[in-house]
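Here is how the chains run, residue by residue.
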Amino acid sequence: MEFLDLLAWMKVGDVATLSIILLLVMFFLLAIGMPLGFASAFLAVLVLIMKFGPDLLFSRFGHGPLSVVGQAVYRQMTNYVLISVPLFIFMAALLERSGIARDMYSSLNVWLSRTRGGIAIVTSIMAVIMAAMSGIIGGEVVLLGLIALPQMLRLGYNQNLAIGTICASGSLGTMIPPSIVLIFYGLVTETSIKALFTAAFLPGFILATFFILYILIRTNLNPSLAPLPEEEPDAPKGLEKALLFIGFLSRFALWLTGFLLLRALFFTVTGENAVREGVDPIALGMVSDIPYIAGAGAIALALMLFLVGKERSRLGWEMGKGLVPPTVVIGVVLGSIYMGITGITEAAGMGVVAVFVIGLLRREMTFEIVWDSLMRTLKSTGTIIWVTIGAASLAAAYTLSGGPTYVANTIISAELPTMGIILVMMLIFLMMGMFMDWIGIVLLIMPVFLPIVLKLPVEEIGFLGGLDPKFVAVWFGVVFCMNMQVSFLSPPFGPAAFYLKSVAPPHITLTAIFRGFLPFIALQLLALSVLLIWPSIVTLFL
Amino acid sequence: MNSESLWLGGMRRPVRLAMLVFIGATLLLYAWLVVNALLFEDAIDMFDMIRPKGRFVVLAMLASLAGAILLASIYFSDTRGAIEQEADGFFDIVSLVTSRLSMIMVACIVLVMLYEVVSRYVFARPTLWANELSLWIAGFLFLFAGQYAMQQRSHIRIYVIYDMMPRWMQKTADVLSLNLLLFFTFALVWGGYSDAMRRMMRLETFGTAWDPPLPGTLKPAILIIILLVTIQAVSNLIADWNKEPEHHSPADEIDETEIDKIRKTLGT
């Protein structure tokens, strides 16, 4: 092993030099088009060489600090939460190939067809519902582009408004739980994913509300942007429609309470909901809940029979039943997580089962669809997980060399204004988001950024309302997620634009699509600044 | 599934037949095990399944299950999916077989989870093995997924500068990337070999109630499958060497056939 001595110069004692070399080599490797995961994996080895010197690493085969790389990979491979990633992708792929989205669109459209900008609003609402079903984007934009875009263009909607609505709302998938971005953020930073989901709800809805308000205000100021469809003579209107809607709701409530009642009775029969010390009560499944459930059911029944009338409620049900399957899927996924039934991973698994069963009931599921979906799942999983493998190795090696602590201490000791540091971070996220996938950003940047944020004086974060110190990591995760919302739309590589381009009529160019995004990017930045100015909005439900 | 054969050719029908036989045998054995488990207290359970100790039924079950999954992977690797790249490298077939294997694994994880949730919440009898089994399967799934992504050239890369380079420079960059990957694999094996070998020899277990030999299998698998990924990378470089430069955009992620199929479901 004489020649190893010749390479002894490769050892760099000082963390600062090491970090700078790391950064430069990283830029170089990404520039020459090396896959992100493998580039970081190689850099992990490079960091170890710089830290320990080639002598120590390669002197004995099978031993030495190089084993941390294998260890880091193994830790990722045996991470239970990571299993939820392929499952969520699988579920979204199945969902895409079922007619659930189309039926949901027609059901929503019935109620809002006479409102100014109705289809755009329907698109946003539908996007929120789909976002609550699955945690990834792409499929959503494609579906909305196929379903809503032709309708809006046919009615003569303003093209920019139509495009922006579809892509901005379609990107909500990773903002509203379940969200794959938050899952990865939670994994990298060891933050509770459930807390992240809860915290992201409100900001996600605020963003969606901004979109809808924008549509309403613009179309009402300038009605030519969103012409109303021809009135159908026999379509119900006004009060009649409201009654139909109440009929639908009460019938739906009846089903729901019936199900909950059976569930509670089942638990009572099996004795599983007996009140025990130290055991959390089953949500809506205890004996004491039964009267309330039954009461709610009775109210719904009374509404249906006396206010709406039987015939009308049947009609309302026919018009609205496209909303039922999505509600069931959301109930299964989010219900499992929040009612304490299962963890994230099993919730994702149950989501797959729910979509599959609904598909079977609708007689749409075929072996071909399942197989195609599995293929897409595997492809996406491979790309995402292998960035994780590389980045985990790099993070392990860099932490071993003391990098993150060094960077955090340097920045803290510079005594810069707290919000200044955060704003610079936001800028870095936005800039990187223009060129890099969110997964690379969360895995490579977060291990460096979050320690800095955690060391910042918490009382200086935000301008209105304080932030509980133990929720800083959660807050930063939601802020990061909002940044990534922008990255889906930001030129030149905003993926939403490319997804829409693939389904839009040929005369809509990529430039036109990005132009349509501008007001919506502004809305996203507005929502981001709300989170920065008033951080406690995130922890409201925690 | 009547499309063109990728590599099996005349062997396709026999493989299909063998697959069906093995699946049938697995189902029969499974039914036998379930009936036994319902009738007898000391029937073979999941604990015995990973500790055969010469019991014939367990060995037969494991063998037929392995055979069924393997043959199914081989059979399905013979058809190219609509979203897949053409297989033209020397190593592509291996990656396609492992990809089919892991696609089946995804479905298995879903089934295992369904089983666990149903037995825990409906029958109030949680299993000891479901979590660990899905963890075990997923470890292999994640690793094989990378091999598949490599074969499909779908690993995340940044093409902004790469696309601007002339072809000879792209080739240089590719060779450099490949060498760095080779170096990483070399370093990984160098550092992890003893650890992985030791655990594999002892078939080190997870230290839980069901106690599967998870570290003992997964640790060596990490080294082996990363090696396979590297071989696939070499195969890709050779296969792509004389191809024309492509222009990359995020639109590559989207497949026309897939969109047509979605369109058909939507009836537009």
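Residues numbered from 1 in each chain as written. Chains lettered and ligands numbered in written order. Predicted model: local features only at pLDDT ≥ 70, side-chain atom pairs only at ≥ 80, totals over all residues. Heavy atoms only, no water.

Trainee: Which parts of the structure should I look at to understand the overall build of chain B?
Mentor: A tally of helices and strands in chain B yields eight helices and zero strands. Out of the 268 residues in chain B, the part that is buried amounts to 50%. Counting only contacts in chain B whose residues sit at least 6 apart along the sequence, the fraction spanning at least 24 positions is 73%. Just so you have it, chain B exposes about 13300 Å², and 68% of that area is on carbon and sulfur atoms. Between the averaged position of the 22 positive side-chain charges in chain B and that of its 26 negative side-chain charges there is a distance of 4 Å. (Helix = DSSP H or I, 4+ residues; strand = E, 2+ residues; numbered from the N terminus. Buried < 20%, exposed > 50% of the residue type's maximum accessible area, 1.4 Å probe, protein only. Contact = heavy atoms within 4.5 Å. Areas by Shrake-Rupley, 256 points an atom, 1.4 Å probe, with all protein chains shown as cover. Lys, Arg positive; Asp, Glu negative; His and termini not counted. Charge placed at Lys NZ, Arg CZ, Asp CG, Glu CD.)

Trainee: Mind showing me how you'd approach empty space enclosed by the protein here?
Mentor: Over the atoms rolls a probe the size of a water molecule, and its path tells where empty space is left. Counted under the stated rule, the structure contains one cavity of 30 Å³ or more. Secondary-structure elements contributing two or more residues to the lining of the largest cavity are α4 (67–77) of chain A together with α6 (167–202) and α7 (214–240) of chain B. Among the elements that line the lining of the largest cavity, the one with the most residues is α4(A), at four residues. Among the residues forming the lining of the largest cavity, the class breakdown is four nonpolar, four polar and two charged. (1 Å grid on protein atoms, 1.4 Å probe; cavity = no way out; pocket = protein on both sides within 12 Å on 5 of 7 lines; lining within 4 Å. Points joined across faces, edges and corners; volume = space filled by probe spheres on them. Nonpolar A, V, L, I, M, F, W, Y, C, P; charged D, E, K, R; others polar.)

Trainee: Any chance you could explain the packing of helix α7 (residues 118–133) of chain A against helix α11 (residues 193–221) of chain A here in plain terms?
Mentor: Helix-helix packing: each pair is described by the crossing angle between the helix axes and the interaxial distance. Residues and elements named next belong to chain A. α11 packs onto α7 with a crossing angle of 170° between their chain directions and a minimal axis gap of 9 Å. Judged by the angle between their axes, α7 and α11 are roughly antiparallel. Residue-level contacts link A120, I121, S124, I125 and V128 of α7 to F205, A208, F211, I212, I215 and L216 of α11. (Axes fitted to C-alpha atoms, helices over the stretch in contact; angles between N-to-C directions. Parallel < 35°, antiparallel > 145°, perpendicular 65-115°, else oblique.)

Trainee: Just checking my understanding: could you explain the nonpolar core for this structure?
Mentor: Within soluble globular proteins, side chains that are nonpolar generally end up buried alongside one another. Counting 261 residues, the largest nonpolar core has F184(A), F429(A), F476(A) and F517(A) as its most contacted members. Residues within four places of F517(A) in sequence aside, it is in contact with I163(A), G164(A), C167(A), L489(A), A496(A) and A497(A). Residues L29(B), V58(B), A60(B) and M61(B) belong to the second largest nonpolar core, which totals six residues. (Core = buried A, V, L, I, M, F, W, Y, C linked by side-chain atoms within 4.5 Å.)

Trainee: I'm lost on the environment of E116(B) in this one. Help?
Mentor: Structurally, E116(B) can be placed in helix α4 (residues 92–121). In contact with E116(B), not counting residues within four places along its chain, are E346(A), P126(B), T127(B) and A130(B). A distance of 2.3 Å separates polar atoms of two side chains, one belonging to E116(B) and the other to T127(B). (Polar contact = N/O pair within 3.5 Å; in protein donor to acceptor, adjacent residues only side chain to side chain.)

Trainee: Is there a simple way to think about the interface of chain A and chain B in this case?
Mentor: Interfaces are often described in size by the accessible area the parts lose on coming together. Opposite the 83 residues of chain A that make contact, chain B presents 85 residues. Regarding the contact of chain A and chain B, the summed buried area is about 7700 Å², with carbon and sulfur atoms giving 78% of it. One can count three salt bridges joining chain A with chain B. The partner of E346(A) in a salt bridge is R120(B), and the shortest N-O contact between them spans 3.0 Å. The interface formed by chain A and chain B includes seven residue pairs in polar contact (both at pLDDT 80 or more). No other element matches helix α17 (residues 367–400) of chain A, which puts 17 residues into the side of chain A that touches chain B. Grouping the constituent residues of the side of chain A that touches chain B by class yields 54 nonpolar, 18 polar and eleven charged. (Buried area = accessible area lost by both parts, 1.4 Å probe. Salt bridge = Lys/Arg side-chain N within 4 Å of Asp/Glu carboxyl O.)

Trainee: So what exactly am I meant to see when it comes to the packing of aromatic side chains here?
Mentor: Here the distance between the centres and the angle between the planes together describe a pair of aromatic rings. Residues and elements named next belong to chain A. Per the counting criterion, the structure on display carries 30 aromatic pairs over all chains. Look at Y214 and F520: their rings are 5.3 Å apart centre to centre, the planes differ by 75°, and that puts the pair in the edge-to-face class. Of the two residues, Y214 sits in helix α11 while F520 sits in helix α24 (residues 510–533), which places them 306 residues apart along the sequence. We note that Y214, like F520, is buried. Each member of the aromatic cluster is reached from another via a ring pair, and the members are Y185, F429, F449, W475, F476 and F480. (Phe/Tyr/Trp six-rings, centres within 6.5 Å; stacked < 30°, edge-to-face > 60°.)

Trainee: Just checking my understanding: could you explain α17(A) for this structure?
Mentor: One full turn of an α-helix is made of 3.6 residues, so residues set three or four places apart face in the same direction. All names here are of chain A. With 34 residues, α17 extends 48 Å between its outermost C-alpha atoms, agreeing within 8% with the 50 Å of an ideal straight helix rising 1.5 Å per residue. The element α17 is extensively covered by neighbouring structure, given that 26 of its 34 residues are classed as buried. G402 sits one or two residues past α17 and shows a positive phi near 80°. (Expected span 1.5 Å × (residues − 1).)

Trainee: Which parts of the structure should I look at to understand the side chain of S171(A)?
Mentor: Residue and element names in this part refer to chain A. Relative to the helices and strands, S171 resides in the loop between α9 (159–170) and α10 (180–189). Using a relative accessible area of 0% as the deciding quantity, one classes S171 as buried. Setting aside chain neighbours within four positions, we find S171 in contact with I137, V141, Q485, F488, L489 and A496.

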